[in-house]
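In case you want the letters, here they are:
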Amino acid sequence: MKVVRSPKVMQRMALAWKRTGVKVGLVPTMGALHEGHLSLVRLARRRAQVVVMSVYVNPTQFGPKEDFARYPRPFAQDRALAQAAGVDVLFHPRTLYAEDASTVVEESVLSQGRCGASRPGHFRGVATVVTKLLLLALPDVAVFGQKDAQQCDVIERMVRDLNLPVKVVRAPVVRDRRGLALSSRNRYLSAEEYEQALALPQTLAAVKGMGPSAAVREARRRLEQAPGLRVDYVEAVNGRLCAAIFVGRTRLIDNVALTAGKRKAGRR
Ligand code: AMP
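Residues numbered from 1 in each chain as written. Predicted model: local features only at pLDDT ≥ 70, side-chain atom pairs only at ≥ 80, totals over all residues. Heavy atoms only, no water.

## Describing the side chain of His122
This is how the line gets drawn: Helix and strand definitions follow DSSP, with helices as H or I runs of at least four residues and strands as E runs of at least two, each counted in order from the N terminus. Only protein chains enter the area calculation, which uses a 1.4 Å probe; residues under 20% of their type maximum are buried, those over 50% are exposed, and those in between are partly exposed. For the purposes of these results, a polar contact is taken to be a pair of N or O atoms within 3.5 Å, where, inside protein, one atom must be able to donate a hydrogen and its partner to accept one; residues adjacent in sequence count only when each atom of the pair is a side-chain atom.
Assignment of secondary structure puts His122 in helix 5 (residues 122–137). Here His122 falls in the buried class, since its relative accessible area comes to 7%. A polar contact is formed between the side chain of His122 and the backbone oxygen of Gln61, at a distance of 2.9 Å.

Structure representation (structure tokens):
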């Protein structure tokens, strides 16, 4: 596995792959890798000959009071995990922005509400950095996790609206053995907070057979009663129940498909 730190070198490599017809898969991450990230690598592997993973804690997607400074950056560990998962190129730039950078990419509809409402400017930062990563790695396929459902919506819309020549693939949510969706932020949780956080996946599992409005009502009721949690939002969007909560200072998100009224697909 090659570690590339320079954006210019990354783009030069990508252009060489393009010229020789090598199919490239990109997995953008902020590092502090876990099994969720590695599942994305495996999906990319199946669809591309070369897998690039970016590890970059993107400053423009954090609000001024958020956790940019303390976001975990265990690079040696990330490097070992990426290598073991079969990443070919680990792109780990020091920065992706000129000091006087003055250009952004903004998706203006799907970025509203939910995480966009509680984290103003977040999706502008995401759309901008993902565009830059796509232009640096020039992937045929880019893989994103459904855990960040709104992020997937925004990126798919942006790729469509800007005619970016990449196929976006959504990967299913990976959970730990007690059901909590894996997240780099889970490591902020104390043992007690971890137990409290389990109310989030438990609630989503409990309401997934309900219709959208009943699911929202019931999930909100359960989460508001759960000790130690503060509800940020609970919303049904595109047949999924999406929720964000705070446990102490840690903000966690999760979502689940609402299956009410749908027959189980009997495909084998
Ligand atoms: P992050 O490093 O948190 O920015 O996440 C990088 C990518 O990994 C994003 O596409 C996330 O949606 C995805 N991801 C993070 N956690 C999970 C998870 N538990 N299951 C599936 N994908 C995930």
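## Some points on the site of the ligand
Rules: A cutoff of 4 Å decides nearness: a residue is near a molecule or strand if any of its heavy atoms lies inside that distance of it. In this classification, the charged set is Asp, Glu, Lys and Arg, the nonpolar set is Ala, Val, Leu, Ile, Met, Phe, Trp, Tyr, Cys and Pro, and all remaining amino acids, among them Gly, are polar.
In the neighbourhood of the ligand, 16 residues make up the surrounding shell, with His37, Gly145, Asp148, Val174 and Leu182 lying closest. His37 is positioned with one of its side-chain polar atoms (N or O) 2.9 Å from an oxygen atom of the ligand. The separation between an oxygen atom of the ligand and a polar side-chain atom of Asp148 is 2.6 Å. For the shell around the ligand, the elements supplying multiple residues, two or more each, are strand 2 (24–29), helix 2 (35–47) and strand 5 (141–145). In terms of residue count, the dominant contributor to the shell around the ligand is helix 2 (three residues). Here the residues of the shell around the ligand sort into eight nonpolar, six polar and two charged.

## Considerations on the packing of helix 5 against helix 6 (residues 149–161)
What counts, and what does not: Helix axes are fitted only over the stretch in contact, all axes being lines through C-alpha atoms; the angle between N-to-C directions runs from 0 to 180 degrees. An angle below 35 degrees is treated as roughly parallel, one above 145 as roughly antiparallel, one from 65 to 115 as roughly perpendicular, and anything else as oblique. Here is the rule for handedness: rotate from the far helix to the near one, and if that takes an anticlockwise turn smaller than a right angle the crossing is left-handed, while a clockwise turn gives right-handed. The contact rule is simple, with two residues in contact once any of their heavy atoms fall within 4.5 Å.
Here helix 5 crosses helix 6 at 55°, and the two axes come no closer than 10 Å. When the interaxial angle is binned, helix 5 and helix 6 end up oblique. Considering only the axes of helix 5 and helix 6, their crossing is right-handed. Residues Phe123, Val126, Ala127, Val130, Thr131 and Leu134 of helix 5 pack against Gln150, Gln151, Val154, Ile155, Met158 and Val159 of helix 6. Of the residues belonging to the contact of helix 5 with helix 6, the class tally is nine nonpolar, three polar and no charged.

## As for the packing of aromatic side chains
The geometry of an aromatic ring pair comes down to the distance between the two centres and the angle between the two planes. Which entries qualify depends on this criterion: For Phe, Tyr and Trp, rings pair up if their centres lie within 6.5 Å, where Trp contributes its six-membered ring, and each pair is then called stacked (planes under 30 degrees apart), edge-to-face (over 60) or tilted (otherwise). The criterion is that NZ of a Lys, or CZ of an Arg, lies within 6 Å of the ring centre and within 35 degrees of the ring normal, and then a charge sits over that ring.
Scanning all chains against the criterion turns up two aromatic pairs. Here Phe62 and Phe68 contribute two aromatic rings whose centre-to-centre distance is 5.4 Å and whose plane-to-plane angle is 65°, an arrangement assigned as edge-to-face. For Phe62, a relative accessible area of 10% corresponds to the buried category. Pairing Phe62 with Tyr71 gives two aromatic rings, centres 5.8 Å apart and planes at 75°, and the pair type is edge-to-face. As far as burial versus exposure is concerned, Phe62 and Tyr71 are alike and both buried. Through successive ring pairs, a cluster of aromatic residues spans Phe62, Phe68 and Tyr71. Here Arg70 stacks its cationic end above the ring of Tyr188, 4.1 Å away from the centre of that ring. Directly above the aromatic system of Phe68 lies the positively charged group of Arg73, at a separation of 4.9 Å from the ring centroid.

## With respect to the sheet that holds strand 2
What counts, and what does not: Criterion used throughout: strands pair if DSSP finds at least two bridges between them.
The strand order across the open sheet formed by six strands is 1-4-3-2-5-6, and the pairing between neighbours is parallel. Lying at the two open borders of the sheet, with one neighbouring strand each, are strand 1 (2–4) and strand 6 (167–171). Across the sheet, the mean angle from the axis of one strand to that of its neighbour is 25°, orientation sign disregarded. With three bridges joining them, strand 3 (residues 50–55) and strand 4 (residues 89–91) adopt parallel strand pairing. The partner of Ser54 across the bridge, within strand 4, is Phe91.

Coordinates in, geometry out; function isn't part of it.
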